Amino acid sequence: MNDDLLSIGQFARLARLSVKQLRHYATLGLLEPAWTDPASGYRYYRAAQARDALAIGLLRSLDVPLPVVAAVLSGARDTGETEGGDSAAAALARVRDDLEAELARRRRTLKSLERILATGLPGAEVTLVTEPPRPAIVVRDLAATPEDIGRATSTCVARLMAAAPPAPALVGLFPLDYGESIPVAVALTGTGLPQVPGAEPAILPGGTFAVAAHVGPYDQISLTAHALIAWCAERGHAPTGPLREAYVSDPATTPPERLVTHLMIRLEDEE
């Protein structure tokens, strides 16, 4: 055993991590010991590994997912090559972009909360429209919680966009009532629909719909959905799911505050 090796306890103190965390990161392949005693199974680390250990700790303190942590480290470990350095910088830039987007979302949520507490729940202008049945292909995912709906929706959209036409007509489909898990679906509507692995052919039912326009970021759509559902209840309309979100704007070219989404609820016995 080399003299510069540190016991797992010594390295944990140096890296400001727990022994349990080091064992977990070793199991995941993020930070493996420099040497493991074949007789005792005891793990040893080198002081130079503290850079990776501290980087892991900082990234995890920002709630960066472990696969992203691995991507950052895999590039940073080969800084002697331009490609490796660029890879680390790109991965870290994605982390920065995600954190800034999350911070912006939290600020919007706080502003909405302040507005609700000061002026009450928002309303929405609701109209009744008649929609024909529409052919579609549908991809599905499952959200573990209401907070996970955005992730599940984005996953479905990405699968469709990989094969979608230049200006796809995408419609999100969400249950009116939430259970322990939440089925999420996104439909691509129109004619001449592409082949998408795992997508199901479907017909979106036509009929009479209550429609409200949401202008703003997707993470605030629940406020407009509340207003639309309340409008139906106040007028005795019986809604039938799912709640539809017709995405009018392209989020790649439209600022979040100007995104337009049409929320639609099909009404029973209104044809």
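You'll find the structure just up there.
Residues numbered from 1 in each chain as written. Predicted model: local features only at pLDDT ≥ 70, side-chain atom pairs only at ≥ 80, totals over all residues. Heavy atoms only, no water.

Asks: Would you take a moment to explain the sheet that holds strand β10 (residues 239-247) for this structure?
Replies: What links the strands of a sheet is backbone hydrogen bonding, and the strands pair in either a parallel or an antiparallel sense. In spatial order, the strands read β4-β9-β11-β10-β6-β7-β5-β8; together these eight strands make up an open sheet with antiparallel pairing. Both outer strands of the open sheet, β4 (126-131) and β8 (200-204), are each paired with one neighbouring strand and no more. If you compare each strand with its neighbour and ignore which way they point, the axes differ by 35° on average. Pairing of strand β5 (residues 134-143) with β8 involves five bridges; the strand directions are antiparallel. In the sheet register, P135 faces β8, and the bridge partner there is I203. Running at roughly 135° to β5, helix α6 (residues 149-161) makes contact with β5, β6 (169-174), β7 (182-189) and β10 of the sheet. (Pairing = 2+ DSSP bridges. Helix = DSSP H or I, 4+ residues; strand = E, 2+ residues; numbered from the N terminus. Axes fitted to C-alpha atoms, helices over the stretch in contact; angles between N-to-C directions. Contact = heavy atoms within 4.5 Å.)

Asks: Explain the sheet that holds strand β3 (residues 43-46) to me, please; I cannot follow it from the model alone.
Replies: With respect to topology, three strands assemble into an open sheet ordered β1-β3-β2, the strand pairing being antiparallel. The sheet is open, and its two borders are formed by β1 (5-7) and β2 (35-36), each paired with just one other strand. As defined by bridge partners, β2 adjoins β3 across two bridges and the pair is classed as antiparallel. Bridge pairing in β3 links T36 to R43. Strand contacts of helix α1 (residues 8-15): β1 and β3, with the helix running at about 95° to β1, the strand carrying the most contacts.

Asks: Just checking my understanding: could you explain the layout of surface pockets for this structure?
Replies: If you roll a probe as big as a water molecule over the atoms, it shows you where there is empty space left. The space that makes up the largest pocket amounts to roughly 1,800 Å³. Looking at the lining of the largest pocket, the elements with two or more residues in it are α5 (82-119), α6, β6, α7 (221-234) and β10. Ranked by the residues each element gives to the lining of the largest pocket, the list is headed by α5, at eleven residues. Within the lining of the largest pocket, the residues separate by chemical class into 29 nonpolar, ten polar and ten charged. The volume enclosed by the second largest pocket comes to roughly 290 Å³. Per-element accounting of the lining of the second largest pocket gives the leading share, six residues, to α5. (1 Å grid on protein atoms, 1.4 Å probe; cavity = no way out; pocket = protein on both sides within 12 Å on 5 of 7 lines; lining within 4 Å. Points joined across faces, edges and corners; volume = space filled by probe spheres on them. Nonpolar A, V, L, I, M, F, W, Y, C, P; charged D, E, K, R; others polar.)

Asks: Looking at this structure, I do not really get the packing of α1 against helix α2 (residues 19-27). What am I missing?
Replies: Each pair of packed helices gets described by two things: the angle between the helix axes and the distance between those axes. Packing of α1 against α2 leaves a shortest axis separation of 9 Å and a crossing angle of 100°. Relative to α2, the element α1 lies roughly perpendicular. For the pair α1 and α2, the contacting residues are I8, G9, F11 and A12 in the first and V19, L22 and R23 in the second. (Parallel < 35°, antiparallel > 145°, perpendicular 65-115°, else oblique.)

Asks: Would you mind going over the nonpolar core with me for this structure?
Replies: In summary, soluble globular proteins display a tendency toward joint burial of nonpolar side chains. F11, L22, L31, Y45, I56 and V69 are the most contacted members of the largest nonpolar core, which has 21 residues in total. Listed by contribution, the elements that provide at least two residues to this core are α1, α2, α3 (50-61), α4 (66-76) and α5. Not counting the four nearest positions on each side in its chain, Y45 is found in contact with D4, L5, L6, I8, F11, L22, A26, L31, E32, P33 and A34. By size, the runner-up hydrophobic cluster in this structure holds 15 residues, among which are V139, L170, F174 and L188. (Core = buried A, V, L, I, M, F, W, Y, C linked by side-chain atoms within 4.5 Å. Buried < 20%, exposed > 50% of the residue type's maximum accessible area, 1.4 Å probe, protein only.)

Asks: Which parts of the structure should I look at to understand the pairing of β5?
Replies: Successive side chains on a regular strand alternate, one facing one side of the sheet and the next facing the other. As paired strands, β5 and β7 are joined by eight bridges and run antiparallel to one another. For D141, the partnering residue across the bridge sits in β7 and is V184.

Asks: What should I look at first to understand the pattern of salt bridges in this one?
Replies: Any two side chains of opposite charge can pair, on the condition that their charged atoms come close. Across all of its chains, the model carries ten salt bridges by this definition. Beyond isolated ion pairs, a larger network of salt bridges with shared partners links E102, R105 and R106. (Salt bridge = Lys/Arg side-chain N within 4 Å of Asp/Glu carboxyl O.)

Asks: Looking at this structure, I do not really get the side chain of D148. What am I missing?
Replies: Checked against the element boundaries, D148 lands in the loop between β5 and α6. Side-chain polar atoms of D148 contact the backbone nitrogen of A144, separated by 3.0 Å. Only 2.8 Å separates the side chain of D148 from the side chain of R151, close enough to count as a polar contact. Excluding residues that lie within four positions of it along the chain, D148 makes contacts with L142 and A143. (Polar contact = N/O pair within 3.5 Å; in protein donor to acceptor, adjacent residues only side chain to side chain.)

Asks: Any chance you could explain the packing of aromatic side chains here in plain terms?
Replies: The geometry of an aromatic ring pair is captured by the separation of the ring centres together with the interplanar angle, meaning the angle of the planes. Enumeration over the complete set of coordinates arrives at four aromatic pairs. Here the aromatic rings of W35 and Y44 are separated by 5.5 Å at their centres, their planes lie at 40°, and the arrangement is tilted. Relative accessible area serves as the criterion here: at 31%, W35 is assigned to the partly exposed category. Accessibility expressed as a relative area gives 15% for Y44, which makes it buried. Where Y218 meets Y247, the ring centres are 5.6 Å apart and the plane angle is 75°; that geometry is what we call edge-to-face. (Phe/Tyr/Trp six-rings, centres within 6.5 Å; stacked < 30°, edge-to-face > 60°.)

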